[in-house]
Every structure is written in structure tokens, then in C-alpha cells.
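Report on the structure
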Amino acid sequence: MKTKNKVIIIDDHLLFSQSLKYLINSFNDFIVVDNFENGKDFIDSVEANKINTDEIELVLLDVNMPILDGLKTMEWLKKTEKTLK
């Protein structure tokens, strides 16, 4: 049996992110493992080892969010991706 591609959603619009999670989970090959309201919540979770980043295939990231926006979150991901693996 093929494993599902694991997805993270980072978006501050709860209705949108929950709807997107429902849609993605309806596909056989994908599953949303977690969603976050902003980049800081995501980074805090990664740094606390609550997320196994080796398993994540896709991060859907909103660009315009409070606290830590998508661009700064992407910069952090790019800087730290080699240390996450």
C-alpha cells in the first residue's frame, strides 16, 4: 500500500484552511497532518520537534498573515531546510 503524501497548511483564515484540509483529505494520495494560523506557530512546532519534517511533502503557505507572514516563514524554511533533514 502506498503511503499518503503529507501536507501542512499555514493560513490565518480558519474557514479557508479547514475547507482546504477537507478537500485535500478527500484525495487518496494526500493527507493534511497539521495546520497553523501563522508562520511562528509552525516554526515553534518544528523547533519543539512536534512535526517530523522528514515526512512532510508539501507546505501550503499563505503569504499575508499576522505575527509571521509567509515570506518570512519561507525564508526560515530555506535557511533551515538542510538542518531539518
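Residues numbered from 1 in each chain as written. Predicted model: local features only at pLDDT ≥ 70, side-chain atom pairs only at ≥ 80, totals over all residues. Heavy atoms only, no water.

1. As for the packing of aromatic side chains
What counts, and what does not: When the centres of two rings from Phe, Tyr and Trp lie within 6.5 Å, Trp using its six-membered ring, the rings pair. Their planes under 30 degrees apart give stacked, over 60 give edge-to-face, and anything left gives tilted. Helix and strand definitions follow DSSP, with helices as H or I runs of at least four residues and strands as E runs of at least two, each counted in order from the N terminus. In this scheme, a residue with accessible area under 20% of its type's maximum is buried, one over 50% is exposed, and one in between is partly exposed, where area comes from a 1.4 Å probe on protein chains only.
According to the stated counting rule, one finds two aromatic pairs in the structure shown. Taking 5.7 Å as the distance between ring centres and 70° as the angle between the ring planes, the aromatic pair formed by Phe36 and Phe42 counts as edge-to-face. Summarising the aromatic geometry, the rings of Phe42 and Trp76 are spaced 6.4 Å apart at their centres and angled 85° between planes, so their arrangement reads as edge-to-face. Note that Phe42 is positioned in helix H2 (residues 39–47) and Trp76 in helix H3 (residues 70–84), a separation of 34 residues in sequence. Comparing Phe42 with Trp76 shows no difference in burial state: the two are buried. Three or more aromatic residues link up through ring pairs in this structure, and these residues are Phe36, Phe42 and Trp76.

2. Some remarks on the environment of Ile67
Applied cut-off: In what follows, a contact means two residues having at least one pair of non-hydrogen atoms within 4.5 Å.
Take Ile67: it is sitting in the loop between strand S3 (56–61) and H3. In this structure the C-alpha to C-alpha distance between Ile67 and Glu37, which are 30 residues apart in sequence, comes to 9.3 Å. Ignoring sequence-local partners within four residues, the contact set of Ile67 consists of Asn38 and Lys40.

3. Overview of the nonpolar core
Operational definition: Here the nonpolar core consists of buried residues drawn from Ala, Val, Leu, Ile, Met, Phe, Trp, Tyr and Cys, with membership extended through side-chain atoms lying within 4.5 Å.
Membership of the largest hydrophobic core is limited to twelve residues, which are Ile8, Ile10, Phe36, Phe42, Ile43, Val46, Ile51, Ile56, Met65, Leu68, Trp76 and Leu77. The contact partners of Phe36, leaving out residues within four places of it in the chain, are Ile8, Ile9, Ile10, Asp11, Asp41, Phe42, Ser45 and Ile51. One finds Val7, Leu20, Ile24 and Val32 within the second-largest nonpolar core, a separate group that totals five residues.

4. Quick look at the pattern of salt bridges
What counts, and what does not: Whenever Lys or Arg places a side-chain nitrogen within 4 Å of a carboxyl oxygen from Asp or Glu, that contact is recorded as a salt bridge.
Under the criterion given, the structure shown has two salt bridges. Between Glu55 and Lys6 there is a salt bridge; the shortest N-O distance is 2.9 Å. Taken together, the residues span a long stretch of sequence, with Glu55 in the loop between H2 and S3 and Lys6 in strand S1 (residues 5–10) at a distance of 49 residues. Residue Asp44 is joined to Lys40 by a salt bridge in which the shortest nitrogen-to-oxygen separation is 2.7 Å. Placement of both Asp44 and Lys40 in helix H2 is noted, with a separation of four residues, approximately one turn of the helix. Assessed through its relative accessible area of 39%, Lys40 is described here as partly exposed.

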